[in-house]
Amino acid sequence: MQNSHKISSLESHSTLSPYSILYPGTSPHLDIDNGPLNEQGKAELFRYFVTNIGPALDAYDPNKYFTEIIPSQATLSLPLLEVILTVSAWHSRATKRGPWKSTKFDMSLHPVVLSSLDGDALDVGLILHQFLLNMDGTSSCFINSNPIPTYNFKSPIISVHFLTFHDNILWARLRQEIFMSISNQEPLTLSSDQSGLEHMARTRDDRARANQMLIGLMDIVQYCFGSDKNTYSYDKLVESSSTWMMTNPSSFSPVMIRRRQAGDVFPEIWFLNDCVAAGLQYFHLARILLVVYDPRVPQLCRARKQASQWIEAQTKNDLEIICGIADSISSINPMHITACMAISMVGDRFTNSDQQHALYDILVKTTKTYGLPTESV
């Protein structure tokens, strides 16, 4: 009885009861008027960033740096918050989704805003600015009527001192660079020799394993879209990619594979987590590039025709796997961004109308959700 009396006494004097919020006048005072997101329009833009833009930048990364950590930091940094709200306003308007219609937020990235950021916050601001520039192909009429300003800020992210900056920023930058490089069929401006990314991918978790394949994909993109096409470099890339696949841990084994049934366009392939799914997508994307850019492909008559048939069969199979992995996770998710890269390279090899419609649907919904340029595909 004595203990119950103490508990009752504590409850009667507590102002932080978990149920006190249900009763007016019993919860502590909150200074809501001074909150940075007290305006509904800004709050909606902030939520839009968390649910749409952050996941596109994080992709498979379980750290959720852009989805959770950066928004949390932005509530304590008005310049970073302004950048996030601006990017959300641009993105939601370009994709014709979300809160841009209901807000009067100024959608201009002033130089003073970016220059007031420093360290990781500056690199986040620059990546978000580059993210907008990468959207340039999604809504030409919107972009032309509201040009995105380009400011020449030199970020430490492009220097040789990579290891002093947050690794999540670097991986996000690399994923963006690879997407644009494949979409435009141009070499990257980064190289694994100078970036220090290999050092960051030496841990043994699934995320690091996927990032190792991402680095390998970067080297393959450099070879395929660069000027050096010697067979020695090609053989090293093939060997490195094959070694990655053959030495994967058991966590990279599929949980379930269901081959195409009647009416299916892509196989159904389940994995333990998004890191595994992304790593294997990168592997099959690398295979497509290596098969298409094989310097030993015969160039004459019958041998060339036979080689072309083999290339078509191999690349179509890899593309089906990449799309199947994405669709097996959900109807739309960041893995569809990788699927769009594969479609941009070999999607035209599909002549079946059902397959063509399925590939087109991936392009449309990925553009609509993430605002990335796929219209040239």
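Anything mentioned here points back to the structure above.
Structure report, in brief. (Residues numbered from 1 in each chain as written. Predicted model: local features only at pLDDT ≥ 70, side-chain atom pairs only at ≥ 80, totals over all residues. Heavy atoms only, no water.)

1. Looking at the overall build of the protein
Working step 1: When helices and strands are tallied, the protein shows 16 helices and two strands.
Working step 2: Long-range pairs, those at least 24 residues apart, make up 71% of the contacts in the protein with a sequence separation of at least 6.
Working step 3: Looking at the protein as shown, the accessible area adds up to about 19800 Å², and 53% of this sits on carbon and sulfur atoms. (Helix = DSSP H or I, 4+ residues; strand = E, 2+ residues; numbered from the N terminus. Contact = heavy atoms within 4.5 Å. Areas by Shrake-Rupley, 256 points an atom, 1.4 Å probe, with all protein chains shown as cover.)

2. Remarks on the environment of Arg202
Working step 1: Mapped onto the elements of the fold, Arg202 is located in the loop between helix 10 (197-200) and helix 11 (206-225).
Working step 2: Each C-alpha atom of the pair Arg202 and Gln212 lies 8.0 Å from the other, and the pair is ten residues apart in sequence.

3. Here we look at the pattern of salt bridges
Working step 1: With the rule as written, the count across this model stands at ten salt bridges.
Working step 2: Ionic pairing is found between Arg207 and Asp167, a salt bridge with its closest N-O pair at 3.3 Å. Of the two residues, Arg207 is situated in helix 11 and Asp167 in helix 8 (residues 167-184); the sequence distance between them amounts to 40 residues.
Working step 3: On the basis of relative accessible area, Asp167 is assigned to the partly exposed category, the value being 22%.
Working step 4: Lys365 is the partner of Asp361 in a salt bridge, and the nearest nitrogen-oxygen pair spans 3.8 Å. Here the residue Asp361 and the residue Lys365 both occupy positions in helix 16 (residues 353-370), the gap between them amounting to four residues, near one helical turn.
Working step 5: For Lys365, a relative accessible area of 18% puts it in the buried group. (Salt bridge = Lys/Arg side-chain N within 4 Å of Asp/Glu carboxyl O. Buried < 20%, exposed > 50% of the residue type's maximum accessible area, 1.4 Å probe, protein only.)

4. Some details on the nonpolar core
Working step 1: Among the nonpolar cores identified, the biggest contains 97 residues, and Ile178, Ile182, Leu289 and Leu319 are the most heavily contacted of them.
Working step 2: Per element, the largest residue contribution to this core is twelve residues, and it comes from helix 13 (residues 274-292).
Working step 3: Setting aside residues up to four positions removed in sequence, Ile182 forms contacts with Val221, Phe225, Leu285, Leu289, Met341, Ser344 and Met345. (Core = buried A, V, L, I, M, F, W, Y, C linked by side-chain atoms within 4.5 Å.)

5. Overview of the packing of helix 15 (residues 335-346) against helix 16
Working step 1: Two elements in contact, helix 15 and helix 16, have axes separated by 10 Å at closest approach and are oriented at 130°. Classified by the angle between their axes, helix 15 and helix 16 sit oblique to one another. With respect to the hand of their crossing, helix 15 and helix 16 are arranged in left-handed fashion. Residues His336, Ile337, Ala339, Cys340 and Ile343 of helix 15 form the contact with helix 16, whose own contacting residues are Leu359, Ile362, Leu363, Lys365, Thr366 and Tyr370.
Working step 2: Residue composition of the contact of helix 15 with helix 16, grouped by class: eight nonpolar, two polar and one charged. (Axes fitted to C-alpha atoms, helices over the stretch in contact; angles between N-to-C directions. Parallel < 35°, antiparallel > 145°, perpendicular 65-115°, else oblique. Left-handed = near helix turned anticlockwise from the far one by under 90°. Nonpolar A, V, L, I, M, F, W, Y, C, P; charged D, E, K, R; others polar.)

6. A word on a nonpolar patch on the surface
Working step 1: A contiguous nonpolar surface patch, about 320 Å² in accessible area, is contributed by Val255, Trp270 and Leu272.
Working step 2: Along the polypeptide, Trp270 turns up in strand 2 (residues 268-270).
Working step 3: Overall, Trp270 belongs to the partly exposed group, its relative accessible area being 41%. (Patch = residues over 30% accessible without salt bridge, like charges linked within 9 Å, V, L, I, M, F, W, Y side chains within 5 Å.)

7. Things to note about helix 6 (residues 119-134)
Working step 1: For helix 6, spanning 16 residues, the distance from its first C-alpha to its last is 23 Å, which sits close to the expected 22 Å at 1.5 Å a residue.
Working step 2: Listing the buried residues of helix 6 in full gives Leu122, Asp123, Val124, Gly125, Leu126, Ile127, Leu128, His129, Phe131, Leu132 and Asn134. (Expected span 1.5 Å × (residues − 1).)

8. Details of unusual backbone geometry
Working step 1: A positive phi angle, near 55°, is found at Ala59, a position not held by glycine.
Working step 2: Relative to the elements of secondary structure, Ala59 occurs in the loop between helix 2 (40-58) and helix 3 (65-74).
Working step 3: You will see that Gln185, though not glycine, has its phi angle at about 50°, which is positive.
Working step 4: Positionally, Gln185 belongs in the loop between helix 8 and helix 9 (192-195).

9. Brief notes about the packing of aromatic side chains
Working step 1: What the rule picks out here adds up to six aromatic pairs.
Working step 2: On the basis of an interplanar angle of 85° and a centroid distance of 5.4 Å, the ring pair of Tyr65 and Phe66 is categorised as edge-to-face. No difference in accessibility class separates Tyr65 from Phe66, as the two residues are buried.
Working step 3: Between Phe225 and Tyr293, the ring centres sit 5.7 Å apart and the planes meet at 85°, which makes this aromatic pair edge-to-face. Of this pair, Phe225 sits in helix 11 while Tyr293 sits in the loop between helix 13 and helix 14 (301-329), and the two are 68 residues apart along the sequence.
Working step 4: Owing to a relative accessible area of 10%, Phe225 belongs among the buried residues under this scheme.
Working step 5: Its relative accessible area of 26% is what places Tyr293 among the partly exposed residues.
Working step 6: The positively charged end of Arg175 is found above the aromatic ring belonging to Tyr60, 5.1 Å away from the centroid. (Phe/Tyr/Trp six-rings, centres within 6.5 Å; stacked < 30°, edge-to-face > 60°. Lys NZ or Arg CZ within 6 Å of the ring centre and 35° of its normal.)

10. What about the side chain of Thr366?
Working step 1: Checked against the element boundaries, Thr366 lands in helix 16.
Working step 2: Apart from residues lying up to four places away in sequence, Thr366 is in contact with Ile332, His336, Ile337, Cys340 and Gly371.

11. Details of the side chain of Ser328
Working step 1: Considering the arrangement of structural elements, one finds Ser328 in helix 14.
Working step 2: Within the structure, the side chain of Ser328 is placed 2.8 Å from the backbone nitrogen of Ile269, a separation counted as a polar contact.
Working step 3: Among all residues touching Ser328, those that are not within four sequence positions of it are Pro267, Glu268, Ile269 and Trp270. (Polar contact = N/O pair within 3.5 Å; in protein donor to acceptor, adjacent residues only side chain to side chain.)

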